[in-house]
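# A look at the structure
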Amino acid sequence: MPEEKKSPQNQTPEPNGEVVVAPGDLQPTGEELMPGKPNIPPVLPVLPLRGTVAFPGTVMPLGVGRPNSRRMLDESLPQSKMIALLTQRDEDIEEPGADDLYTIGCAAVVLKLVRQPDETVSIIVHCLRRIRVKKFLQLKPYPRIELQTLDEIPGGGKRFEAAEAQVRDQARQLIELSPNAPEQAVTILMNIEGPSALSDFLTSNLNLDVQQKQDLLEELDVAKRLRRVHQHVSTQLEIAKLQQKIQSDVQATISDSQRRYYLREQLKAIQKELGESEDPGDQAVEQLRERLEKANPPEKVMTEAQRELKRLASIPPASPEYSLILTYLELLADLPWNKRSDDNLDLERARKILDRDHFDLDKVKRRLIEYLAVRKLNPEGRGPILCLVGPPGVGKTSLGQSVADALGRQFARMSLGGIRDEAEVRGHRRTYIGAMPGRIIQEIRRAGTNNPVMMLDEVDKLGTDFRGDPSSALLEVLDPRQNNAFVDRYLDVPFDLSQVLFIATANYIGNVPPALQDRMEVITIPGYTDHDKAQIARRYLVPRQLKENGLKKSHVKWALPAIHKTINDYTREAGVRELERQVGSVCRGIAAEVATHKRNNKKWNVDPATVRRLLGPEKYTREIESRAQLPGVVTGLAYTPVGGEILFIEATSYPGKGKVTLTGQIGDVMKESATAAMSLFKSRAVSIKYDETKLNDLDIHIHVPAGAVPKDGPSAGIAMYTAIASLLLGKPVKKHLAMTGEVTLRGLVLPIGGVKEKTLAAQRAGIQTVLLPKKNESDLEEIDPVVRKKLKFVLVETVDEVLHQALGLRR
């Protein structure tokens, strides 16, 4: 049991938990040890204190539970009733050493000792003087010290006397404001003589931590100690006054609320007797009832609404619950339970609107026209759930507004990027403060119809944390078999989402959970060709940027070569966002010259030279000619969430012991492809007329540039094999040739994905010939005709065919 202050039965605690004990109040009980007033000896045993500090002049009870401390009392008290009290620095230490005790404490005389039935000992001590530890004479079984008594530095002067009087007065006010203070506390305070005794008495009873009390114990200058005690007393007095004021205000508020309630009830009774109009609360209930009847929700919803209306009518408007119920009922009344937009099923009109707003995207447009045709034949059919997957900037998000215009429906957009809280989809329960419905119900409320086109943007960027998994919450929303009775947690009644046309967008379908993919019809939108970009810039981007920058079409004319230069030399993307930014930069440059009257009345013809002057040096150049002319360098093709990219694979050799090094921040799958390619080359070295013994004296280093970009996947297998063969045979790869395909240890070339995106990247980079696996032949039908016309596709089944096409080796 730790040494701590214990309150005897005849003592009353102060408000802060300290015990005030007057020596005259002590009654002899138990084993009496009443000494006289001996001088303090130079050597004393130590009783360590935990969580409290002893001050001279105070009488305090202590519980002694540690065996070593009880042994100290048993051995020391028969010879001398004097002990030293030192406070521990860390009260969790059971057997404190010299460094664990403060060096300044109090010498005290034991006035009373009582043995408890549980073998603990309770003592009452009278603290006499401050002491300082000169040295520890022993630590086991209990500490014993050689000490030095400390003399105080007395204060004086009128200022000091005034401070003492003010401290005493503030302490009296603090005791009077403390509801649990004993009656004799003020009497004891006023009878204390001397500023030193006053400061020690107040410090021992103030609500301070151990370190603050120890600092005041170690302060020997009485004037300084009194000033510091004065500060603490003043602070706690202000807190006590503020607490009393708050308590008074709360009581007054409660009383005022009760008075208002009684007066309001009386006013209701008087108005009822006079036959006057009802109060505003009743009017609000009636208005809500009318709105709900007009909304005509399903029977279950109306039953719940009627129940809440009865509760609302019985609750005073001043009640916090009144506003919660009112907000809930307003939501029920605002939701479009039976209000829907009439679909415009004119297929020709819809096709014109889609062609007006977006170039190409034939697959998406065909699917939407098919949906309209089905709606025309079966008006009660469920809406499809589409997922448009493609790189940024190809028009996925803007397509949703065009679809809504074509159908004649309202459009709602819900951005899912970065959402981590499941309640964003399902809503919060109404038991929480600040609860609100989920985003889907909110968007339908804003749309005003129950069949809008709802765009779920960036569905592949949903997050997950301790608040739940939003993608799992979307499973019910996007399931046509379940969403006809979607229950939002705030709404707590089913709402029919089956008529909503959901269109989700994503950059990379791999980040979408499989269960969610299974509920959507995925439509892939590849990147645009240079021809497509030029048409989009001519039809949409240039007119929009001219308008935004205050230029007239009649004054500024973009030549087609200028558009192509912007595409080829200043952008390298699958979409057209960067292209629009560059077109906007040129238009802003022209606007600046027009505004400064350099060519105010002249017509502008934007040609490649104008683009070069306004945009500066070219940002992108084709690296095929400069990088792929040396042995060991091969151009590969890669698929990324933002479209296809070309990938250079470089190999070099140097004297060594047959070690293979892989660099370029490549993933495990790509590393395995490199290892398989190296093993395959060794196994086929004889057939391609290479002395495999030379490999024992060479180290090979394979590097994939752009080392800051992570890369992975098996499709670079044949490119790595070709790079190794090209290096060791000393033959460079043919110009303007790229390849993609997975390689096996038997020399077969396996199919890969992302063919359309990879071929677009090859066409942008100036590639003329692409080697593809034979089993990807069916994917060629999906490639844009313009790209098929510009590229030569060679289908290969084995690595021998790859080396024949790339290096000119005989099969």
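Throughout what follows, the structure given in this document is the object of discussion. (Residues numbered from 1 in each chain as written. Predicted model: local features only at pLDDT ≥ 70, side-chain atom pairs only at ≥ 80, totals over all residues. Heavy atoms only, no water.)

### Thoughts on the packing of aromatic side chains
Counted according to the given criterion, the structure contains 4 aromatic pairs. Measuring from centroid to centroid gives 5.5 Å for Phe681 and Tyr690, while their planes differ by 55°, and the two rings are tilted. Assessed through its relative accessible area of 0%, Phe681 is described here as buried. Judged by its relative accessible area of 9%, Tyr690 is buried. Site record: aromatic cluster; members linked through ring pairs are Phe681, Tyr690 and Tyr721. Lying across the ring of Tyr328, Arg430 places its NZ or CZ 3.7 Å from the centre. (Phe/Tyr/Trp six-rings, centres within 6.5 Å; stacked < 30°, edge-to-face > 60°. Buried < 20%, exposed > 50% of the residue type's maximum accessible area, 1.4 Å probe, protein only. Lys NZ or Arg CZ within 6 Å of the ring centre and 35° of its normal.)

### A closer look at the pattern of salt bridges
Oppositely charged side chains can pair when the atoms bearing their charge come close. The final tally for this structure, using the stated rule, is 45 salt bridges. Note that Asp343 and Arg409 form a salt bridge whose closest N and O atoms lie 2.7 Å from each other. In this pair, Asp343 is assigned in the loop between helix H9 (320–334) and helix H10 (347–357) and Arg409 in the loop between helix H12 (396–407) and strand E10 (411–415), connecting sequence segments 66 residues apart. The exposure class of Asp343 is buried, given its relative accessible area of 19%. In this structure, Lys363 engages Glu782 in a salt bridge whose closest nitrogen and oxygen atoms are separated by 4.0 Å. In this pair, Lys363 is assigned in helix H11 (residues 362–377) and Glu782 in the loop between strand E25 (769–773) and helix H25 (785–790), connecting sequence segments 419 residues apart. Three or more residues joined by partner-sharing salt bridges are found here, namely Glu304, Arg307, Glu308, Arg311, Glu321 and Arg430. (Salt bridge = Lys/Arg side-chain N within 4 Å of Asp/Glu carboxyl O. Helix = DSSP H or I, 4+ residues; strand = E, 2+ residues; numbered from the N terminus.)

### Thoughts on the sheet that holds E25
Strand order in the open sheet formed by 7 strands is E20-E21-E19-E18-E22-E25-E26, with mixed pairing between adjacent strands. One side of each edge strand has no neighbouring strand; the edge strands of this open sheet are strand E20 (660–663) and strand E26 (792–796). Adjacent strand axes in the sheet meet at a mean angle of 30° when their direction is disregarded. Where E20 lies against strand E21 (residues 698–703), 4 bridges are found, and the strand directions are parallel. By the bridge assignment, Val660 is partnered in E21 with Ile700. Along the sheet, helix H22 (residues 668–683) contacts strand E19 (643–655), E20 and E21; its crossing angle with E20, the most-contacted strand, is approximately 150°. In the packing of helix H23 (residues 717–729) onto the sheet, contacts are made with strand E18 (633–640), E19, E21 and strand E22 (737–739), and the angle to E19 comes to roughly 35°. (Pairing = 2+ DSSP bridges. Axes fitted to C-alpha atoms, helices over the stretch in contact; angles between N-to-C directions. Contact = heavy atoms within 4.5 Å.)

Purely spatial values, then, with no claim about function.
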